[in-house]
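Reading the structure
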Amino acid sequence: MTFLSYLISGISLGSVYAIIALGYTMVYGISKMLNFAHGDVIMVGAYVCFFATFRWNLPPVAGVLLAMVLCTILGVVIERLAYKPLRSAASLAVLITAIGVSYFLQNAAQLLWTSNPKVFTSVVGNGSVKLFGGQLSISVIAIVTIAACIIIMIALTWFTGMTKMGKAMRACSEDKGAAQLMGISVNFTISVTFAIGSALAAIAGVLLCSAYPTLMPTTGSMPGIKAFTAAVFGGIGSIPGAMIGGILLGLIEIFGKAYISTQLSDAIVFAVLIIVLLVKPTGLLGKQVHEKV
Amino acid sequence: MLKVDNINVYYGAIHAIKGVSLEVNEGEIVTLIGANGAGKSTVLKTISGLLRSKTGEIIFLDENICSLASHKIVERGLAQVPEGRRVFLQMTVQENLEMGAYTRRGNIKGTMEKVYAQFPRLLERRKQVAGTLSGGEQQMLVMGRALMSHPKLLMLDEPSMGLAPILVEQIFAIIQTLNKEGTSILLVEQNAQMALSIADRAYVLETGSIAVSGTGRELIESDNIRKAYLGG
């Protein structure tokens, strides 16, 4: 029974990583940059939801929606102001800018909301479902998180595979010049990608803080880095890769904590990443890049 | 229909295109030939809005398109088949064609059927990922993809590059058919012999400026052109 409950919390934590990793991987796919500020957008989303529901007493659904809207705007604005002017700059410059944006968001949050941790109350309450005569108890938030992850995965698969905009995104990630010649506006497509990634970050922030209720300006950074790891693990640029990478990472982390060592669990996570990359440098589902001459 | 007037394009400090002017009239096949590095592709990229000219103007259907974003230029009816094929390798043949019709609203089925009729090979491979196609098939796909936007003027950048002679002939036959059906053509080629044989008019580009121009026949018969570009 304890194994089963570890399994479920692993999948649940992994679902949060997966949702965050989707943002990393989609943005990387289209603009070939690592948006290290992505983790901090999660934190902003959680704060917005916190204030909406606990200070202004809005219903939780409204809080989540408000967080999504504001994070979407934040993501698009960050891209326009910080990354767009560097579209043709060296990738190192963009990377450093992204780290700068990350620090900016953390410090702005500290200024606005202080560094005192806030206690986030779960948007779905603290209930749990008891199975097997009470032997196995699954928290509602774990169920909601896993369900959200599945819905998001299905929606994104449909979006990128079936819609005109989604296909344009794939076209842009492959060849921006050719996409432009098709009449696709590359700038607009990149904005849409950032918008989707940031809205997902808001959802992830709320789910994360509902399960782990301490909210601080640095709340987003560790999950952000782990989700980035998950994206690389699954093969950066690949949407199913981000999902699988996220879930596996959550499982490794929880089982590592449960059966090996609580203190070493993060080390185990990163050790597994290193091993996977040694064996398969493009990640689990990473595509081999064909350079045609 | 298209009038390029005195454009100058720079790559940093390098003056790549020096005062080039050319014209394509409705219904014509015009070819732009020249050696490697003469600037042929640069001219096309400038017309498509991927590169900017410092001077002059580019008039397409009575509108100056010099400062338009490239996706707006496609909407006006000017499509480019880029050099080196550049299909979307990880997308299916059908998805590639759909991308060609990106600027169009409404039903594109009719156009797609026409393209499939023109290139039956693509219909057979419609569900296949474009990366698995042969070079000739990929060239057909990029041409079909450009046709999906219903262009009034189609610009082709070296469609014969890297293809077997028999395929080159096929591609050129298709270009002529498209032209007969009403699409004006601006063709950039290194294969001067082939290009001149189907062109109404031709321009020869030498290190960034137009050296000679005339009808296709005039250039084929000219001694200088024959020596420089047609191998004797």
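All chains use their own residue numbering, which begins from 1 and follows the written sequence. To label them, take the chains in the order written and letter them from A, then take the ligands in the order written and number them from 1. Side-chain atom pairs in this predicted model are given and counted only at pLDDT of 80 or more, local residue features only at pLDDT of at least 70, and totals for whole chains, interfaces and linings cover all residues. Heavy atoms from the whole structure form the basis of all side-chain values; hydrogens and water molecules are not counted.

1. Comments concerning the overall build of chain A
As a reminder, the rule being used: Under the scheme used here, helices are H or I runs from DSSP no shorter than 4 residues and strands are E runs no shorter than 2 residues, and both carry numbers assigned from the N terminus. Each radius of gyration reported is based on C-alpha atoms, and the globular scaling rule is 2.2 Å times the count of residues to the power 0.38. Each residue is placed in one exposure class: buried if its accessible area under a 1.4 Å probe, protein chains only, is under 20% of its type's maximum, exposed if it is over 50%, and partly exposed if it falls in between. For every accessible area listed, the method is Shrake-Rupley and the probe measures 1.4 Å; residues are considered covered only by the protein chains on display. In this tally, Lys and Arg are treated as positive and Asp and Glu as negative; His is ignored, and so are the chain termini. Where a charge lies is defined by one atom per residue type, namely NZ (Lys), CZ (Arg), CG (Asp) and CD (Glu).
A count of helical and extended segments in chain A gives eleven helices and four strands. A compact globule built from 293 residues would reach a C-alpha radius of gyration of about 19 Å, and chain A, at 19 Å, matches this within 12%. Over its C-alpha atoms, taken along the principal directions, chain A stretches across nearly 65 × 45 × 35 Å. For chain A, with 293 residues in total, the buried portion stands at 52%. As presented, chain A carries roughly 13000 Å² of accessible surface, and 71% of it is formed by carbon and sulfur atoms. If the 16 positive side-chain charges of chain A are averaged to one point and the 7 negative ones to another, these points end up 7 Å apart.

2. Examining unusual backbone geometry
Residue and element names in this part refer to chain B. A positive phi angle, near 50 degrees, is found at Glu158, a position not held by glycine. Among the secondary structure elements, Glu158 is positioned in the loop between strand E7 (153–157) and helix H7 (165–180). With phi around 35 degrees, Thr207 is a residue other than glycine that occupies positive phi space. With respect to the helices, strands and loops of the structure, Thr207 is situated in the loop between strand E9 (201–206) and strand E10 (209–215). The exposure class of Thr207 is exposed, given its relative accessible area of 60%.

3. A look at the interface of chain A and chain B
Stated formally: Note on definitions: a residue-residue contact is assigned when non-hydrogen atoms from the two residues lie within 4.5 Å. Note on terms: buried area is the combined drop in 1.4 Å-probe accessible area of two parts once they are placed together, counting the loss on both. Whenever Lys or Arg places a side-chain nitrogen within 4 Å of a carboxyl oxygen from Asp or Glu, that contact is recorded as a salt bridge. Throughout this entry, Asp, Glu, Lys and Arg are counted as charged residues, while Ala, Val, Leu, Ile, Met, Phe, Trp, Tyr, Cys and Pro are counted as nonpolar. The remaining residues, Gly among them, count as polar.
Each side of the interface is counted separately: chain A has 20 residues, and chain B has 23 residues. Surface buried jointly by chain A and chain B totals about 2100 Å² across both partners, of which 58% is contributed by carbon and sulfur atoms. When the area that chain A buries against chain B is broken down by residue, the three leading residues are Glu174(A), Leu181(A) and Met182(A), summing to 34%. Our count for the contact surface shared by chain A and chain B stands at three salt bridges. Arg170(A) is paired through a salt bridge with Glu95(B); the nearest N and O atoms lie 2.8 Å apart. For the side of chain A that touches chain B, the secondary structure elements donating two or more residues are helix H6 (164–174) and helix H7 (176–181) of chain A. Here the side of chain A that touches chain B takes seven residues from H6(A), the largest share from any one element. Here the residues of the side of chain A that touches chain B sort into eight nonpolar, five polar and seven charged.

4. Some points on the domain arrangement of chain B
Residues and elements named next belong to chain B. Applied cut-off: For every domain, the bounds stem from an assignment made automatically or drawn from a database. We call two N or O atoms a polar contact when they sit within 3.5 Å, provided that within protein one can donate a hydrogen and the other can accept it, with sequence-adjacent residues counted only if both atoms are side-chain atoms.
When cut into domains, chain B gives domain 1 (2–77 + 151–229) and domain 2 (87–149). In this complex, domain 1 contributes 16 residues to the contact, which on the side of domain 2 involves eleven residues. With both chains or domains summed, domain 1 and domain 2 bury close to 1200 Å², and 76% of this area falls on carbon and sulfur atoms. In terms of surface lost to domain 2, no three residues of domain 1 exceed Pro151, Ile171 and Ile174, which account for 35% of the buried area on that side. Between domain 1 and domain 2 we count zero salt bridges in total. Taken together, domain 1 and domain 2 are joined by zero residue pairs in polar contact (both at pLDDT 80 or more).

5. Some words on the packing of aromatic side chains
Quick reminder of the rule: Only the six-membered ring of Trp is used, alongside the rings of Phe and Tyr, when aromatic pairs are assigned; centres must lie within 6.5 Å, and planes under 30 degrees apart are stacked while those over 60 apart are edge-to-face, with the rest tilted. Only when the NZ of Lys or the CZ of Arg is both within 6 Å of the ring centre and within 35 degrees of the ring normal is a charge said to sit over the ring.
As enumerated under the stated definition, the model contains 14 aromatic pairs over all chains in all. For the ring pair Tyr24(A) and Phe228(A), a centre distance of 5.6 Å and an interplane angle of 55 degrees mean the geometry is tilted. Of this pair, Tyr24(A) sits in helix H1 (residues 2–31) while Phe228(A) sits in helix H9 (residues 221–234), placing them 204 residues apart in sequence. For Tyr24(A), a relative accessible area of 2% gives the class buried. Where Tyr83(A) meets Phe194(A), the ring centres are 5.8 Å apart and the plane angle is 40 degrees; that geometry is what we call tilted. On the criterion of sequence distance, the pair formed by Tyr83(A) in helix H3 (residues 60–83) and Phe194(A) in helix H8 (residues 186–211) is long-range, its members being 111 residues apart. Both residues of the pair, Tyr83(A) and Phe194(A), count as buried. Here the aromatic residues Tyr47(A), Phe50(A), Phe51(A), Phe54(A), Trp113(A) and Phe120(A) are joined through ring pairs into a cluster of three or more. The side chain of Lys54(B) reaches across the aromatic face of Tyr10(B), ending 4.6 Å from its centre.

6. Quick notes on the sheet that holds strand E3 (residues 29–34) of chain B
Residue and element names in this part refer to chain B. Under the convention used in this document: The criterion for strand pairing is that DSSP finds at least two bridges linking the strands in question. Only C-alpha atoms enter the line fits that serve as axes; for helices the fit covers just the stretch in contact. Angles between N-to-C directions range over 0 to 180 degrees.
With mixed pairing, six strands are arranged side by side in an open sheet as E6-E7-E8-E3-E9-E10. Each having just a single partner strand, strand E6 (78–81) and E10 make up the two edges of the open sheet. Strand-to-strand, the axes of this sheet are offset by a mean angle of 15 degrees, without reference to chain direction. Judged from the five bridges that link them, E7 and strand E8 (residues 184–189) form a sheet pairing that is parallel. Within E8, the position partnered with Met155 by the bridge is Leu186. Strand contacts of helix H1 (residues 40–48): E3, E6, E7, E8 and E9, with the helix running at about 145 degrees to E7, the strand carrying the most contacts.

7. Remarks on a nonpolar patch on the surface
Residue and element names in this part refer to chain A. What counts, and what does not: For patch building, the residue pool is restricted to those with more than 30% relative accessible area and no salt bridge; the joining distance is 9 Å between like charges and 5 Å between nonpolar side chains (Val, Leu, Ile, Met, Phe, Trp, Tyr).
On the surface, Met1, Phe3, Leu4, Val129, Leu131, Phe132, Ile143, Tyr259 and Ile260 cluster together into a nonpolar patch covering about 840 Å² of accessible area. Sorting the residues of the nonpolar patch by element identifies H1, strand E2 (128–131) and helix H10 (239–260) as the ones contributing at least two each. Structurally, the position occupied by Met1 is in the segment before H1.

8. Considering the nonpolar core
Heads up, the condition is: Buried Ala, Val, Leu, Ile, Met, Phe, Trp, Tyr and Cys residues that are joined via side-chain atoms within 4.5 Å together make up what is termed a nonpolar core.
Leu22(A), Tyr83(A), Phe120(A), Ile184(A), Phe88(B) and Met99(B) are the most contacted members of the largest nonpolar core, which totals 88 residues. If one sorts the elements of this core by residue count, H8(A) sits on top with 13 residues. Not counting chain neighbours up to four residues away, the residues in contact with Met99(B) comprise Lys164(A), Lys167(A), Ala168(A), Ala171(A), Met182(A), Ile184(A), Phe88(B) and Met91(B). Ranked by size, the runner-up nonpolar core spans 45 residues in total, among them Ala79(B), Val87(B), Leu154(B) and Ile198(B).

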